[in-house]
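Structural overview for review
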Amino acid sequence: MPVSLLDVPVEQRPRERLLALGPQSLSDVELLALLLRHGRRGASALDLAVELLVEHGGLAGLAAARPEELSRRAGVGVAKAAAVIAAFHLGSRARGGTDTLPRLGDAADVAAAARPLFTGARVERLLVLVCDAQNQLRQKVFVAEGAVDQVAVPVREILNTVLRHDGRAFAVVHNHPSGDPTPSLDDRRASTLLAEAARTVGLRFLDHVVIAGEAWASAPTLTLGHRTGNTG
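Residues numbered from 1 in each chain as written. Predicted model: local features only at pLDDT ≥ 70, side-chain atom pairs only at ≥ 80, totals over all residues. Heavy atoms only, no water.

**Concerning the side chain of Thr192**
Note the cut-off: Each helix is a run of H or I in the DSSP string that is no shorter than four residues. Each strand is a run of E no shorter than two, and both are numbered from the N terminus. Throughout, exposure labels follow a simple rule: accessible area from a 1.4 Å probe, protein chains only, divided by the maximum for the residue type, with under 20% read as buried, over 50% as exposed, and the rest as partly exposed. Any two residues whose heavy atoms approach within 4.5 Å at even a single point are treated as in contact.
Of note, Thr192 is situated in helix α9 (residues 185-200). Residue classification places Thr192 among the buried residues on the basis of a relative accessible area of 18%. If sequence neighbours within four positions are ignored, Thr192 has contacts with Thr221 and Leu222.

Structure, rendered in structure tokens:
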């Protein structure tokens, strides 16, 4: 049978300590163990939490892990992997609540709004920032994963996402895991496609920003020059 937190002495159990002393009194391992709830044969949830944190280099690495990476570890499985990823994303959404969402006036604003969502990402992902008529950011929605180019860019899905959230303007952001934010020719072609498609449905295309760590670059249409920045 898997080893449960019930096998830990009462005064050392994370749940009881959280209720008595508050979540700030718990270590990363204990908080993660509460999410996992059970370990596996011969290892408690605390043991499993230690293994996950060591394997991924701490919380930042664990937050960037993909579901299939987590579920491969013995004792985790699909359900626990989904719970861990959901917890990280809830925390991210709470930190970026809609009450403090900014107005996207330029590419630097776009990069600042999107960058926290790409921390630790190891594959390319495409994010849509949905804005109202005053360019006030209302929603952040990931719509694709993988290389962004003139063939793969999901133009219809992007526009549908904006319209579904009653947007009037939008920006898109994707990351370069290589660490170089310089827009490729395909990135610029994607911007051109999006700008043209947005006009046909009465939306404003604000910008296409490429993020690589703390650095970013605007990927303009094929008729314009690009801007770069580093917020580090």
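**So, the packing of helix α2 (residues 28-36) against helix α3 (residues 45-56)**
Our working rule: Axes here mean lines fitted to C-alpha atoms, for a helix over just the part in contact, with angles spanning 0 to 180 degrees between N-to-C directions. In this scheme the handedness of a crossing depends on how the near helix is turned from the far one: anticlockwise by less than a right angle means left-handed, clockwise means right-handed.
As a packed pair, α2 and α3 sit with axes 8 Å apart at the nearest point and diverge in direction by 115 degrees. Seen along the crossing, α2 lies across α3 with a hand that is right-handed. The residues of α3 that touch α2, namely those facing Asp28, Val29, Glu30, Leu32, Ala33 and Leu36, are Ala45, Leu46, Leu48, Ala49, Val50, Leu52 and Leu53.

**Notes on the nonpolar core**
Put simply, the test is: Side-chain atoms within 4.5 Å link the members of a nonpolar core, which is a set of buried Ala, Val, Leu, Ile, Met, Phe, Trp, Tyr and Cys residues.
Core analysis: the largest hydrophobic core is formed by 19 residues, its most contacted members being Val128, Val153, Ile158, Phe170, Val172, Leu194 and Phe205. Residue assignment for this core shows that the elements contributing at least two residues are β3 (125-131), β4 (137-145), α8 (155-164), β5 (169-175) and α9. Among the elements that take part in this core, α9 stands out by supplying five residues, more than any other. Of all hydrophobic cores here, the second largest spans 17 residues; its members include Ala113, Leu127, Leu129 and Trp216.

**Describing the packing of aromatic side chains**
Put simply, the test is: Aromatic pairing here means that ring centres of Phe, Tyr or Trp (its six-membered ring) are within 6.5 Å. Orientation follows from the plane angle: under 30 degrees is stacked, over 60 is edge-to-face, and everything else is tilted. The rule for a charge over a ring is simple: NZ of Lys or CZ of Arg within 6 Å of the ring centre, and within 35 degrees of the ring normal.
Following the criterion strictly, the structure yields two aromatic pairs and no others. When the centroid spacing of 5.5 Å and the interplanar angle of 75 degrees are considered together, the rings of Phe118 and Phe142 count as edge-to-face. Residue Phe118 is found in the loop between α7 (107-114) and β3, and its partner Phe142 is found in strand β4; the two are separated by 24 residues along the sequence. Overall, the relative accessible area of 6% leaves Phe118 in the buried class. Ring centres of Phe170 and Phe205 lie 5.5 Å apart, and the angle between their planes is 50 degrees; this geometry places the pair in the tilted category. With a gap of 35 residues between them, Phe170 in strand β5 and Phe205 in strand β6 (residues 204-212) connect regions that are remote in the sequence. Over the ring of Phe142 we find Arg125, and its NZ or CZ is 3.8 Å from the ring centre.

**What about α8?**
The cut-off we apply is this: When we speak of the arc, we mean the arc of directions from the helix axis to the C-beta atoms.
When α8 is considered as a whole, its buried residues turn out to be Val155, Ile158, Leu159, Thr161 and Val162. Projected down its long axis, α8 shows its buried positions confined to an angular sector of 155 degrees, all on one face. Of the exposed residues in α8, those oriented more than 90 degrees away from the buried face are Arg156 and Arg164. Buried positions along α8 lie against β3, β4, β5 and α9. Directly after α8, the chain includes Asp166, whose backbone phi takes a positive value near 55 degrees.

**Thoughts on α7**
Let me state the cut-off plainly: In the analysis that follows, any N or O atom pair within 3.5 Å is treated as a polar contact, provided that within protein one partner can donate a hydrogen and the other can accept it, and provided that, for residues neighboring in sequence, both atoms belong to side chains.
Three or more residues of α7 are buried, namely Ala107, Val110, Ala111, Ala113 and Ala114. For α7, the angular spread of the buried residues around the axis is 165 degrees, confining them to a single face. Backbone nitrogen of Ala108 and a side-chain oxygen of the N-cap are separated by 3.1 Å at the start of α7; the cap is Asp106.

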